[in-house]
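One letter stands for each residue in the lines below.
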Amino acid sequence: MRRRTLALLCLLMGLGSAVLAALWIWSPFYGAVATLVILAALAILYYRAPLLELHHLPETFARRTDHLSANICGIALPLVRLEYRLNGQAWHEVRRRRPRVPWPHFTVEILPTELKAGRNLVEIRASAPARPRKSIAREFVYDDTPFRLPVLKTWEDADLDVQDGGWEAFAAPDGSHRVRPRPGTEGYDRILAVTGVFSSARRVETDVTFHHRVRSDFGFGVLTLWGGHPDPEGGRPRRGWLYGLAWLATYEGGVASEFSSKWGPAKRTDSLGVLPHEAVPGKRYAVIAEVWPVLDPKGGHDHFHQRVKWWADGDPEPDTWIEATDGDAKIGDREYAVALLAHNCQADFGPVRIVDLPDPVESAR
């Protein structure tokens, strides 16, 4: 109920100005009456809405490097000033900006350089006019040990590592556990980390059921190489991304094996292979993606190669792969996590299995 109150407050703030402008033009009297009514409703909602609530702060964050931050997600009043500090250090302002983090959502982004191995204490405080300040202090563990495969994530543990928005684990009718963006919180780049970062070649297997879109452009799939949000200009929330991705997206016109690089507000560069396909509501899809580094003649990193199989539940597994290299994108030689992505849509994911690939040269044949 408190979250619904906050959502209603945001809606009134967004629509109120346009409605009032039209009424004042039509009739100053009715415009004045409507102004008083809306102001009274806003005041009631303002004092009833939660100043600050957390969606996700996992007990443990797995290994991070470079641009992959440990994120804490929640909701807060539109007028609130949000700040956080880690381990008693300086306070940092938490900014919200579309499209990544629109009101009422917020995302605290803790960079790897701020984290210490073991226990960390994070404090988040919210201040708003005519409201008592609210503070939350929580401990979490940062595990910096190298991440090792194989991994089977069954989602029975609902301690989710979320990058933006709200996710939830739930029990499916068949008794399995699945994850999805919390209904009503779908939007831009809803990302759920499956692992911490690691450097080895990998094979990722899962299944995903698409339900509905919330915008005309949408997509869903697996971030096989998730490098986080680089922003050399220090913007918050950060505005870039580095990834390898296997997904079904209207942007690409089908199932894509894709790489993308974007540094802060700079123009993105992409490399991809696409198989034309349409997303069918209620349809479950099986996904297999393999990605590995390709070395240059001197044994150094040259580029990444990824291949993807994607097919509807009940159909035979296809013989052919959708393939791509990072080509122009050049996402770079670093450690990457594995994550799930639901962009502007509702989709749920089953267990995720991640294993080492054999010798990448053999895998590429």
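Residues numbered from 1 in each chain as written. Predicted model: local features only at pLDDT ≥ 70, side-chain atom pairs only at ≥ 80, totals over all residues. Heavy atoms only, no water.

Caption draft 1: Examining the sheet that holds strand 7 (residues 118-128) more closely. Taken together, five strands build an open sheet; the order of strands is 2-8-7-4-5 and the sheet is mixed. Two strands in the sheet have a free side with no partner beyond their single neighbour: strand 2 (60-61) and strand 5 (92-94). The pairing of strand 4 (residues 81-86) with strand 7 spans six bridges and is classified as antiparallel. The residue bridging L82 from the neighbouring strand is A126, located in strand 7. (Pairing = 2+ DSSP bridges. Helix = DSSP H or I, 4+ residues; strand = E, 2+ residues; numbered from the N terminus.)

Caption draft 2: Region of the structure containing the environment of N120. Positionally, N120 belongs in strand 7. Look at N120 and you get buried, because its relative accessible area is 1%. The sequence separation of N120 and V141 amounts to 21 residues, and the corresponding C-alpha distance is 6.1 Å. Once residues within four sequence positions are removed from consideration, N120 is found in contact with L86, N87, L115, R138, E139, F140 and Y142. A polar side-chain atom of N120 sits 2.8 Å from the main-chain carbonyl oxygen of K116. (Buried < 20%, exposed > 50% of the residue type's maximum accessible area, 1.4 Å probe, protein only. Contact = heavy atoms within 4.5 Å. Polar contact = N/O pair within 3.5 Å; in protein donor to acceptor, adjacent residues only side chain to side chain.)

Caption draft 3: Up close: the nonpolar core. Counting 36 residues, the largest nonpolar core has W167, F220, L340 and I354 as the members making the most contacts within it. Of all hydrophobic cores here, the second largest spans 26 residues; its members include L51, A76, L82 and V122. (Core = buried A, V, L, I, M, F, W, Y, C linked by side-chain atoms within 4.5 Å.)

Caption draft 4: Representation of the packing of aromatic side chains in the model. Inspection of the entire model under this criterion finds eleven aromatic pairs. Measuring from ring centre to ring centre gives 5.8 Å for Y285 and W310, while their planes differ by 40 degrees; the resulting arrangement is tilted. Linking Y285 in strand 19 (residues 284-295) with W310 in strand 20 (residues 301-312), this pair joins segments that are 25 residues apart in sequence. By relative accessible area, Y285 is classed as buried at 1%. With relative accessibility at 5%, the residue W310 sits in the buried group. Where F304 meets Y336, the ring centres are 5.8 Å apart and the plane angle is 85 degrees; that geometry is what we call edge-to-face. Here the residue F304 occupies a position in strand 20, and Y336 occupies one in the loop between strand 21 (322-325) and strand 22 (337-343), the gap between them amounting to 32 residues. By way of ring pairs, the aromatic residues F210, F218, F220, Y285 and W310 are connected into one cluster. Above the ring of F170, the side-chain terminus of R180 is found at 4.0 Å from the ring centroid. Over the aromatic face of F198 sits the side chain of R202, whose NZ or CZ is 3.7 Å from the ring centroid. (Phe/Tyr/Trp six-rings, centres within 6.5 Å; stacked < 30°, edge-to-face > 60°. Lys NZ or Arg CZ within 6 Å of the ring centre and 35° of its normal.)

Caption draft 5: View of the sheet that holds strand 1 (residues 52-56). Read from one edge of the open sheet, three strands run 1-3-6, paired in antiparallel fashion. Where the open sheet ends on each side, the last strands, each with one partner, are strand 1 and strand 6 (105-110). Taken pair by pair, the neighbouring strands of this sheet meet at an average axis angle of 35 degrees, ignoring direction. (Axes fitted to C-alpha atoms, helices over the stretch in contact; angles between N-to-C directions.)

Caption draft 6: Layout of the pattern of salt bridges. Summed over all chains, the structure comprises 27 salt bridges. The shortest N-O distance in the salt bridge between R95 and E93 comes to 3.7 Å. According to the relative accessible area criterion, R95 is partly exposed, its value standing at 41%. Judged by relative accessible area, E93 falls into the partly exposed class, the value being 34%. With a closest N to O distance of 2.8 Å, D231 and R239 form a salt bridge. By relative accessible area, which is 12% here, D231 ends up buried. Assessed through its relative accessible area of 28%, R239 is described here as partly exposed. Connected through salt bridges with shared partners, the residues R81, E83, E93, R95 and R125 form a single ionic network. (Salt bridge = Lys/Arg side-chain N within 4 Å of Asp/Glu carboxyl O.)

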